[in-house]
Amino acid sequence: MLEKNQLAAATVFTAGVMLLLADLVDVMDVSVLQYLLIVAGGAALAVISLVSKKEKSLLCRVGLHKYNRTGWDDEMPSAAIYQCDQCGRRKRVVKAG
Ligand SMILES: [Zn+2]
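The structure displayed is predicted, hence computed values, not measured ones.

Definitions and cut-offs
Residues numbered from 1 in each chain as written. Predicted model: local features only at pLDDT ≥ 70, side-chain atom pairs only at ≥ 80, totals over all residues. Buried ≥ 20, exposed ≤ 12 C-beta atoms within 10 Å, placed from the backbone. Helix = DSSP H or I, 4+ residues; strand = E, 2+ residues; numbered from the N terminus. Pairing = 2+ DSSP bridges. Axes fitted to C-alpha atoms, helices over the stretch in contact; angles between N-to-C directions.

### Topic: the pairing of strand β1 (residues 67-72)
In summary, the side chains of a regular strand alternate between the two faces of the sheet.
No. 1: In terms of burial, β1 is largely open, as just zero of its six residues are buried.
No. 2: Looking at chain direction, β1 and strand β2 (residues 79-84) are connected through five bridges and run antiparallel. Counted as the bridge partner of tyrosine 67 is cysteine 84 from β2.
No. 3: Between the antiparallel neighbours β1 and β2 lie six residues.

What follows is the structure, given as structure tokens:
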């Protein structure tokens, strides 16, 4: 559903840009509609982007995950599985010895 919204927002944004380009070459005379479309589409894209990344904290986005050990790897008994509290990202850490 989110992707559909994103597509719609992108379409609105693109339509605005195309109208603007058309206006620049004097093909058609459009008013502020083009700017409204660009602003609306751009804002919608920004909001959707924010919403879709809401579950990721700022720290995770810069790579500072808060890992907790959740278990051990089935295939490699000496490898522990860590999962980030904030975004759910997993990593495997092999213990030496
Ligand atoms: Zn994280």
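### What to know about the sheet that holds β2
No. 1: Spatially, the three strands line up as an open sheet ordered β1-β2-β3, and their pairing is antiparallel. For this open sheet the edge positions go to β1 and β3 (90-94), each flanked by a neighbour on one side alone. The mean angle between the axes of side-by-side strands here comes to 35 degrees, regardless of whether they run parallel or antiparallel.
No. 2: In this structure, β2 lies alongside β3, joined through five bridges in antiparallel fashion.

### A few points about the environment of alanine 43
No. 1: Of note, alanine 43 is situated in helix α2 (residues 33-52).
No. 2: Spatially, the C-alpha atoms of alanine 43 and alanine 9 are 8.5 Å apart, while their sequence positions differ by 34 residues.

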